[in-house]
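# A closer look at the structure
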Amino acid sequence: MYDFVVVGVGPAGARFARRASEVGYDVLALEKGEVGTPLACSGHVSTDIWEFVPDAARERLFQNRVFGARFHVGGPDSHSYPFYKDEEISNVIDRVGLDRTLADCAREAGADVREGHTVTAVEEHRDRVVVTASVADGGTTQFEARMVAGADGPVSRVRREVGLPEPAEKLHGVLAFTDEADHSDFVDVHLTAPRFFAWRIPRGDAGVEYGLAAPPGKEVQELFDRLTAAYDVETDRFCSGAIPIGPPDSVTTRRVFLLGDAASQTKPFTGGGILYGMTAADRAVATIDPRTPSSLADYERAWRDELASEIRLGHLVRRAYSLPEPVQHLGLRSLSGEIGVHMDRPSSFFSPSHLRTLVKR
Ligand SMILES: Cc1cc2nc3c(=O)[nH]c(=O)nc-3n(C[C@H](O)[C@H](O)[C@H](O)COP(=O)(O)OP(=O)(O)OC[C@H]3O[C@@H](n4cnc5c(N)ncnc54)[C@H](O)[C@@H]3O)c2cc1C
């Protein structure tokens, strides 16, 4: 019997598999397809990302550095309000490469990572959990574990199998690319999508990304077409995915716990979940003992202590996307300029570094 079966080898699952193996647990990680595919993510992350990957991978994964964002209430021709730092705020990285790198780290730490295994059932017993997976080359197979980590993304099968609550909301995110190199320093954010936003991200030699997220519906495609028409570009490699917004009241049962998007560990004001999911994975390794089911309560407390107030503040920031346009102009005009905030931590808006920056203006 394994200590942990991890379902899903995205950032959250791979990070948990790596760290749990490093502390000596026997870990099996199952990925339904090939790690990293299909792509449904911008890979726009704070520079904290480099704490989670080996130094040797940095050059391979890095695409562009970003110093700020230009906010627009309308399209590309509308007035823009810049928010920036004099140092890099974030990086744009190769997201497929990131997942592969994190999975390699898990393998090197001793986890048994198997691709082509789609988990179809999770049965929880008093003393163990039985996981059934269908295998890409045919047939099904079963595994037993003391505990199961559901790190299987926004539309989590594990979550459904064990009856944990669904996210309060799932946004629909879409993106596509053009090929021209763009090493510029700013992303563009357009408050033109209902209750969220559209974006343009310069990705260095990897081209330019155009995308948006909004509540699901046919309007998402229309809004995306409008965005690319306004920029007068033809995009290819179209990708689409769900962004869960939460968090739910519980992400644990007796022997099963959720991580990452499966647990809605995302930023409500950007949809970003790579760093929150890996942070929660580290909290899980620090708190969960697979032989002690009550340790899952410690995990619930630990990840919420770390992320819940940031998520709560993130909801407040997101409310601004739905304010009337004149109020948005007013707010952006008064807040824009140099900032001292950390992109993953809205609480840093109240930090001494941000307040010092405001005073300097
Ligand atoms: C359009 C868009 C843009 C985004 N941009 C950003 C961004 O710029 N920055 C950022 O931080 N976040 C971004 N996100 C969010 C980010 O992609 C997620 O938060 C992140 O991928 C969550 O990681 P995860 O490991 O929890 O889940 P995932 O990355 O979704 O990984 C889950 C894994 O589980 C596998 N799986 C699913 N079901 C099963 C099953 N039944 N059996 C076995 N395996 C299974 C999947 O194949 C997948 O590999 C974006 C999301 C979208 C939709």
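Residues numbered from 1 in each chain as written. Predicted model: local features only at pLDDT ≥ 70, side-chain atom pairs only at ≥ 80, totals over all residues. Heavy atoms only, no water.

The protein chain appears in an unreviewed UniProt entry as Geranylgeranyl reductase family protein from Salinirubrum litoreum.

The environment of the ligand is made up of 35 residues, and the closest members are E31, H44, R95, V119 and D261. Between the ligand and S42, the relevant distance is 3.1 Å, taken from a nitrogen atom to a main-chain nitrogen or oxygen of the residue. Notes on the ligand: free accessible area 1,000 Å², of which the protein chains cover 90%. Contributions of two or more residues to the shell around the ligand are made by α1 (11-22), β3 (44-46), β9 (117-124), β12 (169-178) and β16 (236-245). Residue classes in the shell around the ligand are distributed as 15 nonpolar, 14 polar and six charged. (Near = heavy atom within 4 Å. Polar contact = N/O pair within 3.5 Å; in protein donor to acceptor, adjacent residues only side chain to side chain. Areas by Shrake-Rupley, 256 points an atom, 1.4 Å probe, with all protein chains shown as cover. Helix = DSSP H or I, 4+ residues; strand = E, 2+ residues; numbered from the N terminus. Nonpolar A, V, L, I, M, F, W, Y, C, P; charged D, E, K, R; others polar.)

So, on to the pairing of strand β7 (residues 90-93). Here β7 shows a buried face lined by S90 and V92 and a second buried face lined by N91 and I93. Sheet topology places β3 next to β7; three bridges connect them, and they run antiparallel. When the bridges of β7 are listed, V45 appears paired with N91. Bridging between strand β4 (residues 62-66) and β7 involves four bridges; their strand directions are antiparallel. (Buried < 20%, exposed > 50% of the residue type's maximum accessible area, 1.4 Å probe, protein only. Pairing = 2+ DSSP bridges.)

For the coordinates displayed, the defined rule picks out 28 salt bridges. A salt bridge links R128 to D127; the nearest nitrogen and oxygen atoms lie 3.4 Å apart. With a relative accessible area of 23%, R128 lands in the partly exposed category. According to the relative accessible area criterion, D127 is partly exposed, its value standing at 38%. Residue D298 pairs with R301 through a salt bridge whose shortest N-O separation is 2.6 Å. Taken together, the residues span about one helical turn, with D298 and R301 both in helix α7 (residues 295-319) at a distance of three residues. One network of salt bridges, with partners in common, ties together R18, R19 and E22. (Salt bridge = Lys/Arg side-chain N within 4 Å of Asp/Glu carboxyl O.)

Among the nonpolar cores identified, the biggest contains 66 residues, and V5, F16, I49, V148, F257, L259 and Y299 are the most heavily contacted of them. Broken down by element, this core gets its largest block of residues, eight residues, from helix α6 (residues 274-287). Grouped together as the second largest cluster of nonpolar side chains are 28 residues, L171, F177, W199 and I245 included. (Core = buried A, V, L, I, M, F, W, Y, C linked by side-chain atoms within 4.5 Å.)

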